[in-house]
Amino acid sequence: MRTLLCTAVILPLFVGCFKTPDQAVAPIEADAVQSEILTIVTFNIRNGKVDDGPNRWDNRKELVSNLLAEYKADIIGLQEVYDFQFDQISRNLQDWDAVFTGRDDGRRAGEACPIFYRRDRFERLDWGTFWFSDTPDVPGSRHWGNNYTRICTWVYLRERHTGKTLHIYNLHLDHESQISREKSAQMLIDRIDRQPKKDFYIVLGDFNSDIHNPAMQSLLKGNLRIDTWQAVHGLAEPAGTYHAFSGAAKGGKIDFILVPQGTEVFEADIDQRSFDGRYPSDHFPVFARVVLPPGD
């Protein structure tokens, strides 16, 4: 596997390895759509129904929507998204299509893990959601010690100009039950193992686990998958992504973008910016730029 550090990127999207308040995130240029570079973002935008005082959703919704539009990423996976948050963001991302499943009823109720993808680059072939439980096709189901329902939404895409196909999995693992995290990771692995071997895939989301957690280690076991951040930066750099609206991330990185072993990772980044003293969410957005491998 070949990895290139941020300073060696040929088509720069970000300046430096972390985005601080005085740094802007440059949008992806149009020529990248014609290249093999794929730009990916995962972002927990924070449940819009909780009362976060000055950080409540009404005070952040424009900031989140505008920030996502600014990134111009090919693939965007969001977590902790209610339907009204999804509707707000969708209105601002008019060049993207999206899939959404509420975890409570399989339709609109409850938090979701929607996936946005650029309409001009991809067409959707299939999509769905499964529940991390003993009955993965039953909306709202949970059995593994988690007090909250946990899901993974996926979409199967075909790149319009090459015909390449890829699977995107977007998830939010439990924050309390380690058993749930480990069983969920194994269910995801089983699902990936059943997809056509020739298809590229991306796993992204809020894992509520750092790189050392057994759930994450099972996903990375045998070097079948790599964490894009680790591929570029290793484990030496601090890389916390949850900061509770403080801007000071403590603990390990819990938001990940995983790709198959052997994928060329050109860039990995965390956007730590605030705007007029306000952070878009209690998590930092996480980015990666990878090479989409040749199709058949």
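Only a predicted model underlies this, so the values are computations on that prediction, with no experimental measurement involved.

A. Inspection of the overall build of the chain at higher detail. From N to C terminus, the chain includes six helices and 13 strands. Out of the 296 residues in the chain, the part that is buried amounts to 57%. When the accessible area of the chain is evaluated, it comes to approximately 12100 Å², of which 49% is carbon and sulfur surface.

B. Structural view of the confidence of the model for the chain. Looking at the chain, the pLDDT average stands at 88 and 86% of residues meet or exceed 70. Confidence over residues 1-18 falls short of pLDDT 50; this stretch has 56 contacts with residues more than four positions distant or in other chains. This stretch, residues 20-34, has a pLDDT under 50; its non-local contacts, to residues over four places away or in other chains, come to 35 contacts.

C. Fine view of the pairing of strand β11 (residues 255-260). A large share of β11 lies buried, amounting to six of its six residues. Here four bridges tie strand β9 (residues 200-206) to β11, and the two strands are oriented antiparallel to one another. From the neighbouring strand, D206 faces β11, where its bridge partner is D255. The pairing of strand β10 (residues 225-227) with β11 spans three bridges and is classified as antiparallel. Considered in β11, the bridge of R225 is made with P260.

D. Spatial organisation of the packing of aromatic side chains. Enumeration according to the criterion identifies seven aromatic pairs in this entry. Plain terms: the ring middles of Y82 and F84 are 6.1 Å apart, the flat faces sit at 15° to each other, and that makes the pair stacked. By relative accessible area, which is 12% here, Y82 ends up buried. F84 gets classed as partly exposed once you look at its relative accessible area, which sits at 32%. Judged by centre distance (5.6 Å) and plane angle (90°), the rings of F130 and F132 are edge-to-face. For the pair F130 and F132, a shared accessibility class is recorded, and that class is buried. Counting every residue linked through ring pairs, the aromatic cluster contains F86, F100 and F116. If you follow R118 out to its NZ or CZ, it ends over the ring of W96, 4.7 Å from the centre. The aromatic ring of F130 is capped on one face by R191, whose charged end is 4.3 Å from the ring centroid.

E. Region of the structure containing the sheet that holds strand β7 (residues 151-159). If you walk across this open sheet you meet the six strands as β6-β7-β8-β9-β11-β10, and the pairing is mixed. Pairing within the sheet leaves two strands with one partner each, and these edge strands are β6 (122-131) and β10. Taken over all neighbouring pairs, the strand axes of this sheet differ in orientation by 20° on average, direction set aside.

F. Quick look at the environment of P139. Inspection of the secondary structure assignment puts P139 in the loop between β6 and β7. For P139, the contacting residues outside a window of four places in its chain are R103, D104, D105, G106 and W131.

G. Molecular detail of the state of the cysteines. Counted under the stated rule, the structure contains zero disulfides. Of all cysteine sulfurs in the structure, the one in C152 sits closest to C113, which takes part in no disulfide; the separation is 7.4 Å. Residue C113 is classed as buried on the basis of its relative accessible area, which comes to 2%.

H. Expanded view of unusual backbone geometry. If you check the backbone angles, E80 has positive phi at about 60° while not being a glycine. By the element assignment, E80 lies in the loop between β3 (75-79) and α3 (83-92). On the basis of relative accessibility, which here comes to 11%, the residue E80 falls in the buried class. The backbone of A244 sits at a positive phi, close to 55°, despite the residue not being glycine.

I. Region of the structure containing the packing of helix α2 (residues 61-71) against α3. Remark: α2 packs on α3, axes separated minimally by 9 Å, with the N-to-C direction vectors making an angle of 45°. Considering their axes alone, α2 and α3 lie oblique with respect to each other. Two packed elements cross with a definite hand, and for α2 against α3 that hand is right-handed. Across from K61, E62, V64, S65, N66, L68 and A69 in α2, the residues of α3 making contact are Q88, I89 and N92. Of the residues assigned to the contact of α2 with α3, the class counts are four nonpolar, four polar and two charged.

Reading the values: rules and limits
- Residues numbered from 1 in each chain as written.
- Predicted model: local features only at pLDDT ≥ 70, side-chain atom pairs only at ≥ 80, totals over all residues.
- Heavy atoms only, no water.
- Helix = DSSP H or I, 4+ residues; strand = E, 2+ residues; numbered from the N terminus.
- Buried < 20%, exposed > 50% of the residue type's maximum accessible area, 1.4 Å probe, protein only.
- Areas by Shrake-Rupley, 256 points an atom, 1.4 Å probe, with all protein chains shown as cover.
- pLDDT = per-residue confidence, 0-100.
- Contact = heavy atoms within 4.5 Å.
- Pairing = 2+ DSSP bridges.
- Phe/Tyr/Trp six-rings, centres within 6.5 Å; stacked < 30°, edge-to-face > 60°.
- Lys NZ or Arg CZ within 6 Å of the ring centre and 35° of its normal.
- Axes fitted to C-alpha atoms, helices over the stretch in contact; angles between N-to-C directions.
- Disulfide = S-S within 2.5 Å.
- Parallel < 35°, antiparallel > 145°, perpendicular 65-115°, else oblique.
- Left-handed = near helix turned anticlockwise from the far one by under 90°.
- Nonpolar A, V, L, I, M, F, W, Y, C, P; charged D, E, K, R; others polar.

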